[in-house]
Amino acid sequence: MNMHRRYKAPDIPSHRFAVGQKVRMKGWGGNKVKSTATFEIMATLPAAGGSLQYRVRDNDEKHERIATEDNLEAADMWSTKERSSFDRKEEC
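A quick note: this is a predicted structure, and the numbers were derived from the prediction, not measured.

What counts, and where the lines are drawn
Residues numbered from 1 in each chain as written. Predicted model: local features only at pLDDT ≥ 70, side-chain atom pairs only at ≥ 80, totals over all residues. Heavy atoms only, no water. Buried < 20%, exposed > 50% of the residue type's maximum accessible area, 1.4 Å probe, protein only. Helix = DSSP H or I, 4+ residues; strand = E, 2+ residues; numbered from the N terminus. Pairing = 2+ DSSP bridges. Salt bridge = Lys/Arg side-chain N within 4 Å of Asp/Glu carboxyl O. Contact = heavy atoms within 4.5 Å.

Asker: Could you give an account of the pairing of strand S1 (residues 22-25), naming the residues involved and the relevant values?
Answerer: By the alternation rule, side chains of S1 split into Val23 and Met25, which are all buried, and Lys22 and Arg24, of which none is buried. Here S1 pairs with strand S2 (residues 39-48) via 2 bridges, running antiparallel. When the bridges of S2 are listed, lysine 22 appears paired with glutamate 40.

So, in structure tokens, the structure goes:
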């Protein structure tokens, strides 16, 4: 028997945001972040504690931050993967 046929790779969740995409922080663990601050996704990182992570940077700052996906939102509705599902609804 070929054991490799039985093995199924674990489902790895995909990142919602892409490198270069603009996002905003929903909250930042007690630190104050301007609600109008826009961050750019610099890199996607593996999950930690069940939530995917990103390296983000605000152009006004010289350092980068690590943020979890649940603390980020798209800066505009056209910059997320949901756009493709919106386009399909319009075609119907």
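Asker: Explain the pattern of salt bridges to me, and be specific about the residues and the numbers.
Answerer: All chains considered together, the criterion is met by 3 salt bridges. The residue glutamate 64 makes a salt bridge to arginine 55 at a minimum N-O spacing of 2.7 Å. Residues glutamate 61 and arginine 65 are paired through a salt bridge, measuring 2.8 Å at the closest nitrogen-oxygen approach.

Asker: A description of the environment of threonine 38 should follow, citing residues and the corresponding values.
Answerer: On the secondary structure map, threonine 38 appears in the loop between S1 and S2. Expressed as a C-alpha distance, the spacing of threonine 38 and methionine 25, which sit 13 residues apart in the sequence, is 7.8 Å.

Asker: Explain the environment of alanine 47 to me, and be specific about the residues and the numbers.
Answerer: If you trace the backbone, alanine 47 turns up in strand S2. Residue classification places alanine 47 among the partly exposed residues on the basis of a relative accessible area of 46%. Taking the C-alpha atoms as reference points, alanine 47 and threonine 68, 21 residues apart in sequence, are found 8.3 Å from one another. Non-local contacts of alanine 47, meaning those with residues more than four positions away in its chain, are made with Leu52 and Gln53.

Geometry only, nothing functional implied.
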